[in-house]
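Descriptive structure summary
The chain contents come next:
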Amino acid sequence: MAGTSALASSLCLLTISPSTSFQVTVANSSGGSALPPQFNSLRSSRFRAGEALQGVTYRLLDLSIPRPPWFAVVQATKEGDSAEKRRRQAEDRRIYNKSRKSEIHTRMKKVFLALDGLKKKSERSHDDLLQIESLIAEAYSVIDKAVKVGTLHRNTGANRKSRLARAKKVVEIQLGWYTPA
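Presented here is an overview of the structure given in this document. If you're wondering where the values come from, they're calculated on a predicted model, not measured in any experiment.

Here we take up the overall build of the protein chain. Counting its regular elements, the protein chain contains four helices and five strands. In the protein chain, the succession of α and β elements from N to C terminus is α-β-β-β-β-β-α-α-α. Within the protein chain, the fraction of its 181 residues that count as buried is 24%. Of all intrachain contacts in the protein chain linking residues separated by at least 6 positions in sequence, the fraction that spans at least 24 positions is 73%. Element-wise, carbon and sulfur atoms account for 54% of the exposed surface of the protein chain, whose accessible area totals about 12300 Å².

The following block contains the structure:
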């Protein structure tokens, strides 16, 4: 066993990078099935390094040293180039969509805060309402762009726009500037 003696001569360290997937196999050298309880969930599991064990260093077994009747083997598997590219693209899309959704949330929050401020003001004018309408127009624009590029479903976009319009209408009714027919 030339491979065994080469492994036995040195102790190796394996560092798992985020792009490496690996498989953990818990084996029993005596052929039995008696394993410590902490290895029951790892009997034959497949992990992605980025999910659970990223950046952890694993000690490969030195086969010349006597081991207990059970041992763990960490086997690295190569991820295909197309899978790696899809993973990169998905991460880029996730970041892009997250920033768009955050902008939508911020614009909507500004509108709701402005409407609350208008309700609490003692001196109200239609100019205040015009400022709020410009905020609503900006929010509508951001929502429409998110729907156009696929960040939001069109029904979700319509729901968000409806929430803004309803909130404005409720404030107008409370202030007496609008009477429903």
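Following the structure, the description resumes.
With that out of the way, let us pick up the side chain of Asp128. Along the chain, Asp128 turns up in helix α3 (residues 126–149). Residue class for Asp128 comes out buried when judged on its relative accessible area of 14%.

For any two helices packed against each other, the geometry comes down to the angle between their axes and how far apart the axes lie. Viewed as axis vectors pointing N to C, α3 and helix α4 (residues 154–175) meet at an angle of 170°, and their least axial separation amounts to 9 Å. Here α3 is positioned roughly antiparallel relative to α4, judged by the angle of their axes. Touching Leu129, Glu133, Ile136, Ala139, Tyr140, Ile143, Asp144 and Val147 of α3 are Arg154, Gly157, Arg160, Lys161, Leu164, Ala165, Lys168 and Glu172, all from α4.

Let us now look at α4. Given 3.6 residues per helical turn, the α-helix brings residues three or four places apart onto the same face. When the terminal C-alpha atoms of α4 are compared, their 32 Å separation across 22 residues agrees well with the 32 Å that a helix rising 1.5 Å per residue should span. Positioned one or two residues after α4, Gly176 has a phi angle of 85°, which is positive.

To continue, consider α3. In a regular helix each residue adds 1.5 Å, so 24 residues correspond to 34 Å; α3 covers 35 Å between its end C-alpha atoms and thus fits that length. Taken from the residues just after α3, Gly150 is the one with a positive phi, measuring 95°.

It is worth spelling out the nonpolar core at this point. Core analysis: the biggest nonpolar cluster contains 17 residues, and Ile104, Val111, Leu115, Leu118, Ile132, Leu164 and Val171 have the highest contact counts within it. The set of elements that each furnish at least two residues to this core consists of α2 (81–120), α3 and α4. Considering each element in turn, this core owes the most residues, seven residues, to α3. Dropping the residues within four chain positions of it, Ile132 is found in contact with Ala114, Leu115 and Leu118.

Criteria and cut-off values
- Residues numbered from 1 in each chain as written.
- Predicted model: local features only at pLDDT ≥ 70, side-chain atom pairs only at ≥ 80, totals over all residues.
- Heavy atoms only, no water.
- Helix = DSSP H or I, 4+ residues; strand = E, 2+ residues; numbered from the N terminus.
- Buried < 20%, exposed > 50% of the residue type's maximum accessible area, 1.4 Å probe, protein only.
- Contact = heavy atoms within 4.5 Å.
- Areas by Shrake-Rupley, 256 points an atom, 1.4 Å probe, with all protein chains shown as cover.
- Axes fitted to C-alpha atoms, helices over the stretch in contact; angles between N-to-C directions.
- Parallel < 35°, antiparallel > 145°, perpendicular 65-115°, else oblique.
- Expected span 1.5 Å × (residues − 1).
- Core = buried A, V, L, I, M, F, W, Y, C linked by side-chain atoms within 4.5 Å.

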